[in-house]
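One letter stands for each residue in the lines below.
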Amino acid sequence: MIASLHYPIAILMFVVGIYCLLFRRNLIKMVMGLGILTNGVHLFLVSVGYRIGGAAPILTGGLNQFAGAPVDPLPQVLVLTSIVIDISIVALALSLIIYIYREHGTLNPDKIRELRG
């Protein structure tokens, strides 16, 4: 993929995720929007650490002797940690959605608010 397309695609994914969170009235679609939003953030962070012609930051010889110009490994580590956290959040949210549907029979947050006693 062309390096200049990473940022617009990441921003587009972020905006689509925000749109789903704000304007969709279905809890499952809102969780899907949250997933799209976090994937946009992941793409952005990995793109920030990318270097054209970069190599994996693996030491081949003595200290500070890389195989080539290394890419920044910190965004990659942050994204891997964030992916694990994101999977946990989505799994918890979906389990809560199942419970809400069983109790209230709807996935619309506005109708669920109306059911308060």
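Residues numbered from 1 in each chain as written. Predicted model: local features only at pLDDT ≥ 70, side-chain atom pairs only at ≥ 80, totals over all residues. Heavy atoms only, no water.

A. Local environment of the side chain of His 6. With respect to the helices and strands, the residue His 6 is situated in helix α1 (residues 6-23). A polar side-chain atom of His 6 sits 3.4 Å from a polar atom in the side chain of Ser 47. (Helix = DSSP H or I, 4+ residues; strand = E, 2+ residues; numbered from the N terminus. Polar contact = N/O pair within 3.5 Å; in protein donor to acceptor, adjacent residues only side chain to side chain.)

B. Structural context of the packing of helix α2 (residues 27-48) against helix α3 (residues 73-104). Viewed as axis vectors pointing N to C, α2 and α3 meet at an angle of 180 degrees, and their least axial separation amounts to 10 Å. Here α3 runs roughly antiparallel to α2, going by the angle between their axes. In this structure, α2 uses Leu 27, Ile 28, Val 31, Leu 34, Thr 38, His 42, Leu 45 and Val 46 to contact α3, whose residues at the interface are Pro 75, Val 79, Ser 82, Ile 83, Asp 86, Ile 89, Val 90, Ala 93, Leu 94, Ile 97 and Ile 100. Of the residues belonging to the contact of α2 with α3, the class tally is 15 nonpolar, 3 polar and 1 charged. (Axes fitted to C-alpha atoms, helices over the stretch in contact; angles between N-to-C directions. Parallel < 35°, antiparallel > 145°, perpendicular 65-115°, else oblique. Contact = heavy atoms within 4.5 Å. Nonpolar A, V, L, I, M, F, W, Y, C, P; charged D, E, K, R; others polar.)

C. Molecular detail of the side chain of Asp 86. Along the chain, the position of Asp 86 falls in helix α3. Within the buried core, Asp 86 has no salt-bridge partner, and the shortest N-O distance to an opposite charge, that of Arg 24, equals 18 Å. Excluding its chain neighbours within four sequence positions, the residues that come into contact with Asp 86 are Thr 38 and His 42. (Buried < 20%, exposed > 50% of the residue type's maximum accessible area, 1.4 Å probe, protein only. Lys, Arg positive; Asp, Glu negative; His and termini not counted. Salt bridge = Lys/Arg side-chain N within 4 Å of Asp/Glu carboxyl O.)

D. Quick look at a nonpolar patch on the surface. A surface patch of nonpolar side chains, amounting to about 1,000 Å² of accessible area, comprises Tyr 7, Ile 11, Phe 14, Val 15, Ile 18, Tyr 19, Leu 22, Phe 23, Val 41, Phe 44 and Val 48. Elements with a contribution of two residues or more to the nonpolar patch: α1 and α2. The dominant element in the nonpolar patch, judged by the number of residues it contributes, is α1, at 8 residues. Mapped onto the elements of the fold, Phe 14 is located in helix α1. Exposure remark for Phe 14: the relative accessible area of 36% places this residue in the partly exposed category. (Patch = residues over 30% accessible without salt bridge, like charges linked within 9 Å, V, L, I, M, F, W, Y side chains within 5 Å. Areas by Shrake-Rupley, 256 points an atom, 1.4 Å probe, with all protein chains shown as cover.)

E. Geometry of α1. The terminal C-alpha atoms of α1, which comprises 18 residues, lie 26 Å apart, in line with the 26 Å expected from a rise of 1.5 Å per residue. Within α1, burial applies to His 6, Ala 10, Gly 17 and Cys 20. Burial along α1 is one-sided: seen end-on, the buried residues are contained in an arc of 90 degrees. Exposed and oriented more than 90 degrees from the buried face of α1 are Ile 11, Leu 12, Leu 22 and Phe 23. Contacts from the buried residues of α1 go to α2. (Expected span 1.5 Å × (residues − 1). Arc of directions from axis to C-beta.)

F. Spatial organisation of the pattern of salt bridges. Evaluation of the coordinates by the stated rule reveals 1 salt bridge. The salt bridge partner of Arg 25 is Asp 110, with a shortest N-O separation of 3.5 Å. Highlighted residues: Arg 25 in the loop between α1 and α2 and Asp 110 in helix α4 (residues 109-114), separated in sequence by 85 residues. Asp 110 sits in the partly exposed class, given a relative accessible area of 31%.

G. Examining the nonpolar core more closely. Counting 7 residues, the largest nonpolar core consists of Leu 27, Met 30, Val 31, Ala 93, Ile 97, Leu 107 and Ile 112. Looking at this core, the elements that each hand over two or more residues are α2 and α3. (Core = buried A, V, L, I, M, F, W, Y, C linked by side-chain atoms within 4.5 Å.)

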